[in-house]
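Listed below, chain by chain, are the residues.
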Amino acid sequence: MLSTVLKMLIEPDFLAAAIRLTTPLLLAALGGLFSERSGVLNLGLEGMMLMGAFFGYLGALYTQNVVVGLVIAALAGMVLALIHAIMSVTVKVDQIVTAVGINMLALGITSTAFRVIFGNDLQQIESPGLRTVNFGPLSELPFVGPILFNQMSIVYFAFLLIPVVHFILFHTHWGLKIRATGEHPKAVDTVGTSVYTVRYWSVIISGLLAGLGGAAVTLTGINTFYDNITAGRGFIAFAAIVFGKWNPVGTALATLLFGAGDAFQLRLQALGFKLPYQFFLMLPYVLTLLVLVFFMGPSKGPVASGQAYVKGGSKSKVRQSKLKLLKREVNP
Amino acid sequence: MKARLDIKKFEVVLGYVISSVISIVVSLVISAGVLLAQGTDPISAFTYLFQGAFGDIGGFSASLVSATPLMLAGLGIAFAFRAGIFNIGAEGQLYLGAMLATWVATLPLGLPKVVHLPLALLAGMAAGAFWAFIPSYLKVAKGFNEVITTILMNYIGVYFVNYSVHGFLQEPGGYLPQSAPIVETARLPKLVANTELHAGLLVGLVGAVVLYILLQKTDFGYQLRCVGSNPEAARTSGMNAKLTLIIAMLVSGAFAGLAGTAEILGYQNLLLENFSPNTGYDAIAVALLGRLNPMGVVLAAIFFGALRNGANIMQIMTGVPVTIVYIIQAVIILSVLGFSTCKIKLGFLLERGNKVALHSVKNVNRA
């Protein structure tokens, strides 16, 4: 039995599926990197993916054009990201709690709109989906052909994005600003760059890519939608950023691991193992947790991550006022 | 001195009440917009929502039944938040609690009710606490972000419980994915005849009082709030922040476990797959709307329970999907957060009121 499993792991079929299933996670995680690097925790990736998944499907269905679907998915992710940015950058609310709110908002909007548009019987209408790119003779190659040259366009886009994001973050002026904002917002403010503008754009870009990631769930094969279809992929993408130590290449490798885990559980089910299917569904999450515990030391993200920037205010001032409040509460 | 403090407190509470009311109104206005866009008359939809939630004794008790798990899980989440640890894992803890409680409650032990019921409740609490312990240990010992670990534990827990009703908990000889019915000696008693209202509500109310006393009147509660509001100061003043965090999370998980347990022992009476979708996440909204205060959580849970129950009636009468409740809840969370950061100035009226009150207090003392 073990040899069957091992053999399966090097089959082109499995590897191709692993790459395909990595794509949504990869897009969302690369987007999340921008926001994380600028110092805004983005647990809202899940909601942004869900918005992209639904509106991508809806756009593709109504216009019968997948490209329009992708554009609408990206826009839907950006709109939700804008709310996250307003709440966490301008209003300065706790970024984790905001994310809980916007994830719930995305679940509400998508499942309500789905019922309103398609009725309560939730019949499945298929939208047009992405097609595989044909590389001619390259696609016919044994082994490499099905893995590398028989994927959908969004897969190539996602993987090409890895070096692009790396270049933007580490070799451009703009990337420097983003990273500096995450490490030391006060210094950025002092040299005359608006911390708020940098953070707004970073969060919006993360929404754009997460929206595309969501579309990569619905428009690559299933071509339909159901409630909460992203099923925690946004959270796994967030975890991948932590594993990847806030680095595009590391993050990409982490998402590849989870994509492979997902493909693995699908294959195992197909092989007819006598395990209940719930354990297969559990596998990617267990894998994520185990990798976190056994292979990762605690890693430190950008220093200012998760903290709202108050122009002109210093952290210690905030702390002092909090202490004062506490004292008053304790010894009246 | 004491009087001035009470007025200060009054001002704070009034600010909370006003901002909560504003956020609820804002969310209702936004959902009215959604209803209009869909072509439903919002007035009649909200009327059905209200009637379904509070219209008669049956509706109101159904609202309280929906409120019970939200209350228990919300109390736990609020407690952990006060210690500065984000327990997003109530969903998984709730499922695990329900599973272990079901296991204990379906054993035909022949025990009397006074033993069997508490045993089942304790089992549920223990399972919830255990599921919460893992992420808290990982945070304290290894520095892992509890948000991501609790979310992963949610998925693992829910899938495992769903497996249990296909596996070891499945009714012997049954074909459906469900457990055997709960033994009579392990059921929570009904509070009102001919309704579903069960003693789980009392458990929630007592829990709220216990947590309130624990937080506000004990040394541990003081320590917990210090760790939550300023971990560094707490550490330098010699508090054991790590132990405090773990205990806070254990209590939090126990309450979440109790939420799932009460739902099974009081209302559903057997364990099903996905028996309580999203309760653990909705309870986060309850905790926030309740301002992380046990008494506030009770009120917020009743409000959300009424919203859930009323939405069912609204769907039957007008065809508006129940899922619109998620939009209402989300807008409430976001606006509560927004308004809580904006300082609500009540204007000179309150200040003058303060002075008048102080003056009268002085006069009373003199007299």
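All values derive from a computational prediction rather than experimental measurement. (Residues numbered from 1 in each chain as written. Chains lettered and ligands numbered in written order. Predicted model: local features only at pLDDT ≥ 70, side-chain atom pairs only at ≥ 80, totals over all residues. Heavy atoms only, no water.)

**Quick notes on the interface of chain A and chain B**
- Contacts between the two partners involve 51 residues from chain A, matched on the other side by 54 residues from chain B.
- Across the interface of chain A and chain B, roughly 4500 Å² is buried in total on both sides, 79% from carbon and sulfur atoms.
- At the junction of chain A with chain B, the criterion picks out four residue pairs in polar contact (both at pLDDT 80 or more).
- Residue assignment for the side of chain A that touches chain B shows that the elements contributing at least two residues are α4 (66-90), α5 (95-118), α11 (233-243), α13 (277-295) and α14 (315-330) of chain A.
- The element best represented in the side of chain A that touches chain B is α5 of chain A, accounting for 15 residues. (Contact = heavy atoms within 4.5 Å. Buried area = accessible area lost by both parts, 1.4 Å probe. Polar contact = N/O pair within 3.5 Å; in protein donor to acceptor, adjacent residues only side chain to side chain. Helix = DSSP H or I, 4+ residues; strand = E, 2+ residues; numbered from the N terminus.)

**Structural notes on the pattern of salt bridges**
- Under the counting rule described, the total for this entry stands at six salt bridges over all chains.
- Asp 13 of chain A serves as the salt-bridge partner of Arg 267 of chain A, at 2.8 Å between the closest nitrogen and oxygen. Of the two residues, Arg 267 of chain A is situated in helix α12 (residues 248-270) and Asp 13 of chain A in helix α2 (residues 12-37); the sequence distance between them amounts to 254 residues.
- Classification of Arg 267 of chain A as partly exposed rests on a relative accessible area of 21%.
- Its salt-bridge partner being Lys 190 of chain B, residue Glu 196 of chain B comes within 3.9 Å of it at the nearest N-O pair. (Salt bridge = Lys/Arg side-chain N within 4 Å of Asp/Glu carboxyl O. Buried < 20%, exposed > 50% of the residue type's maximum accessible area, 1.4 Å probe, protein only.)

**Quick look at the nonpolar core**
- Leu 43 and Phe 225 of chain A together with Phe 81, Ile 88, Leu 265, Leu 271 and Ile 284 of chain B are the most contacted members of the largest nonpolar core, which has 196 residues in total.
- With residues up to four places along the chain from it excluded, the contact list for Phe 81 of chain B reads Val 97 of chain A together with Phe 86, Asn 87, Ile 284, Leu 288 and Leu 292 of chain B.
- In terms of nonpolar packing, the next biggest core, distinct from the first, is built from six residues, Met 8, Phe 14, Ala 17 and Ala 263 of chain A among them. (Core = buried A, V, L, I, M, F, W, Y, C linked by side-chain atoms within 4.5 Å.)

**A short note on α2 of chain A**
Residues and elements named next belong to chain A.
- Compared with the 38 Å implied by 1.5 Å per residue over 26 residues, the 35 Å span of α2 between its first and last C-alpha is a close match.
- Its axis deflected by about 35 degrees at Thr 23, α2 carries its strongest bend there, up to four residues before the proline Pro 24.
- With 22 of 26 residues buried, α2 lies mostly within the body of the structure.
- Once α2 finishes, Gly 39 follows within two positions and takes phi at roughly 95 degrees, a positive value. (Expected span 1.5 Å × (residues − 1). Bend = angle between axes of the 7 residues up to and from the residue.)

**Observations concerning the environment of Ala 254 of chain B**
Residue and element names in this part refer to chain B.
- Position of Ala 254 relative to the elements: it lies in helix α10 (residues 241-268).
- Here the alpha-carbon distance between Ala 254 and Ile 313, two residues 59 residues apart in the chain, equals 32 Å.
- Apart from the residues within four sequence positions on either side, Ala 254 is in contact with Met 125, Gly 128 and Ala 129.

**Remarks on the packing of α11 of chain A against α13 of chain A**
All names here are of chain A.
- Packing of α11 against α13 leaves a shortest axis separation of 11 Å and a crossing angle of 20 degrees. In this view, α11 runs roughly parallel relative to α13, as classed from their interaxial angle. The handedness of the crossing between α11 and α13 comes out as left-handed. Listed contacts from α13 to Ile 236, Ala 239 and Phe 243 of α11 are Pro 284, Tyr 285, Thr 288, Val 291 and Leu 292.
- Class assignment of the residues belonging to the contact of α11 with α13 gives a composition of seven nonpolar, one polar and no charged. (Axes fitted to C-alpha atoms, helices over the stretch in contact; angles between N-to-C directions. Parallel < 35°, antiparallel > 145°, perpendicular 65-115°, else oblique. Left-handed = near helix turned anticlockwise from the far one by under 90°. Nonpolar A, V, L, I, M, F, W, Y, C, P; charged D, E, K, R; others polar.)

**Quick look at the packing of helix α4 (residues 90-106) of chain B against helix α6 (residues 146-164) of chain B**
Residue and element names in this part refer to chain B.
- At a minimum axis distance of 7 Å, the contact between α4 and α6 shows a crossing angle of 25 degrees. Our classification of the angle between α4 and α6 gives roughly parallel. Our pair here, α4 against α6, has a crossing hand that is left-handed. Side by side, α4 and α6 meet where Ala 90, Glu 91, Gly 92, Tyr 95, Leu 96 and Met 99 of the first sit next to Asn 154, Gly 157, Val 158, Phe 160, Val 161, Asn 162 and Ser 164 of the second.

**Section: the side chain of Asn 309 of chain B**
- Within the secondary structure, Asn 309 of chain B sits in helix α12 (residues 294-318).
- When near neighbours in sequence (up to four residues on either side) are disregarded, Asn 309 of chain B contacts Gly 52, Ala 53, Gly 59, Ala 62, Ser 63 and Ser 66 of chain B.

**So, α4 of chain B**
- With 17 residues, α4 of chain B ought to run about 24 Å at 1.5 Å a step, and its terminal C-alpha atoms sit 24 Å apart, in line with that.
- With 15 of 17 residues buried, α4 of chain B is to be regarded as a mostly interior element.

**Details of the environment of Ile 151 of chain B**
- Tracing the backbone through its elements, the reader meets Ile 151 of chain B in helix α6.
- You can call Ile 151 of chain B buried: its relative accessible area is 2%.
- A sequence separation of 16 residues divides Ile 151 of chain B from Pro 135 of chain B, and the C-alpha atoms of the two residues are 9.6 Å apart.
- Residues contacting Ile 151 of chain B, with those up to four places away along its chain left out, are Leu 43 and Phe 235 of chain A together with Ile 88 of chain B.

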